[in-house]
Amino acid sequence: MKYFIIILSVISFSNMFAKDEPISVFLEKWKNSKKYLLELAEAMPEDKYNFKPTEREMDFGEQLLHIKVNMDWLSTSYFGAEKIEKPKEASTYTKAEIITFLETSFNAVSKAIETTKPKSLKEKVDFFAGPKTKLQILNLL
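These figures come from a predicted structure and were not determined experimentally.

Criteria and cut-off values
- Residues numbered from 1 in each chain as written.
- Predicted model: local features only at pLDDT ≥ 70, side-chain atom pairs only at ≥ 80, totals over all residues.
- Heavy atoms only, no water.
- Salt bridge = Lys/Arg side-chain N within 4 Å of Asp/Glu carboxyl O.
- Helix = DSSP H or I, 4+ residues; strand = E, 2+ residues; numbered from the N terminus.
- Buried < 20%, exposed > 50% of the residue type's maximum accessible area, 1.4 Å probe, protein only.
- Core = buried A, V, L, I, M, F, W, Y, C linked by side-chain atoms within 4.5 Å.
- Contact = heavy atoms within 4.5 Å.
- Axes fitted to C-alpha atoms, helices over the stretch in contact; angles between N-to-C directions.
- Parallel < 35°, antiparallel > 145°, perpendicular 65-115°, else oblique.
- Left-handed = near helix turned anticlockwise from the far one by under 90°.
- Nonpolar A, V, L, I, M, F, W, Y, C, P; charged D, E, K, R; others polar.
- Phe/Tyr/Trp six-rings, centres within 6.5 Å; stacked < 30°, edge-to-face > 60°.
- Expected span 1.5 Å × (residues − 1).
- Polar contact = N/O pair within 3.5 Å; in protein donor to acceptor, adjacent residues only side chain to side chain.

**Structural notes on the pattern of salt bridges**
Logical step 1: Considering all chains together, one arrives at 5 salt bridges under this definition.
Logical step 2: A salt bridge links Lys68 to Asp72, with the shortest nitrogen-to-oxygen separation between them at 2.2 Å. Of this pair, Lys68 and Asp72 both sit in helix α3 (residues 60-79), 4 residues apart, which is roughly one turn of the helix. The burial state of Lys68 is the same as that of Asp72; both residues are buried.

What follows is the structure in structure tokens.
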């Protein structure tokens, strides 16, 4: 019985300090996503930023800017992030500029989510695919 109470106490105590709330979990994954995508963007030679597997698909630079625009849209529309200027066509930017755009967007999303109240994740919001909770929007990010 003594061991049972000790084990129960340890579990209860550790749960009090667990960081498993959606925001902290998201921010940890977001940091990893940022690192991975920026490394990927750095690894691609600049002369390959206009590579597209087929004519109907986006090229590499366009795909990176597409990701950036979607991060901006979701974070400004649903989490109050500061508006960031929408970029022009990818072909008008250098590799370094595109990487800077991505990094700026990642940082803006982090800042917006850090200030989001956990209770607000239960709120329903209008979304083009139907009503969603802010938690569902967070998962889309």
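**Notes on the nonpolar core**
Logical step 1: By size, the foremost hydrophobic cluster in this structure holds 31 residues, and its most contacted members are Phe26, Leu64, Phe79, Leu102, Ile113 and Leu141.
Logical step 2: Sorting the residues of this core by element identifies α2 (22-43), α3, α4 (95-114) and α5 (134-140) as the ones contributing at least two each.
Logical step 3: Beyond its immediate sequence surroundings of up to four residues, Leu102 is in contact with Leu37, Leu38, Ala41, Leu64, Lys68 and Met71.

**With respect to the packing of α3 against α4**
Logical step 1: Following both chains from N to C, one finds α3 and α4 inclined at 20°, their axes separated by 10 Å at the closest point. One way to sum up the angle between α3 and α4 is to call them roughly parallel. Crossing hand, α3 versus α4: left-handed. Contacts between α3 and α4 involve Gly61, Leu64, Leu65, Lys68, Met71, Asp72, Ser75 and Phe79 on the former and, on the latter, Ile98, Phe101, Leu102, Ser105, Phe106, Val109, Ala112 and Ile113.
Logical step 2: Residue classes in the contact of α3 with α4 are distributed as 11 nonpolar, 3 polar and 2 charged.

**Observations regarding the packing of α2 against α4**
Logical step 1: Look at α2 against α4: their axes get within 11 Å of each other, and the N-to-C directions meet at 180°. Looking at the two axes, α2 sits roughly antiparallel to α4. Contacts from Ile23, Phe26, Leu27, Trp30, Ser33, Lys34, Leu37, Leu38, Ala41 and Glu42 of α2 reach α4 at Lys95, Ile99, Leu102, Glu103, Phe106, Asn107, Val109, Ser110, Ile113 and Glu114.
Logical step 2: Its residues assigned to classes, the contact of α2 with α4 shows 12 nonpolar, 3 polar and 5 charged.

**Some points on the packing of aromatic side chains**
Logical step 1: Evaluated as defined, the whole model comprises 9 aromatic pairs.
Logical step 2: Ring geometry for Trp30 against Phe106: centres 4.8 Å apart, planes inclined by 50°, an arrangement best described as tilted. Placement of the pair is Trp30 in helix α2 and Phe106 in helix α4, with a sequence separation of 76 residues.
Logical step 3: Through a chain of ring-to-ring contacts, three or more aromatic side chains come together here, namely Trp73, Tyr78, Phe127 and Phe128.

**Description of α4**
Logical step 1: The end-to-end C-alpha separation of α4 is 29 Å, in line with the 28 Å expected for 20 residues at 1.5 Å each.
Logical step 2: Listing the buried residues of α4 in full gives Lys95, Ile98, Ile99, Leu102, Ser105, Phe106, Ala108, Val109, Ser110, Ala112 and Ile113.
Logical step 3: Residues of α4 that are buried in the fold lie against α2, α3 and α5.

**A closer look at α3**
Since one α-helical turn is 3.6 residues long, residues separated by three or four positions face the same way.
Logical step 1: Its 20 residues give α3 an end-to-end C-alpha distance of 28 Å, which sits within 8% of 28 Å, the value for a rise of 1.5 Å per residue.
Logical step 2: Every buried residue of α3 is listed here: Phe60, Gly61, Leu64, Leu65, Lys68, Met71, Asp72, Leu74, Ser75, Thr76, Tyr78 and Phe79.
Logical step 3: The residue sitting at the N-terminus of α3 and contributing the capping side-chain oxygen is Asp59; that oxygen lies 3.1 Å from the backbone nitrogen of Gly61.
Logical step 4: Within two residues after α3, Gly80 carries a phi angle of roughly 70°, on the positive side.

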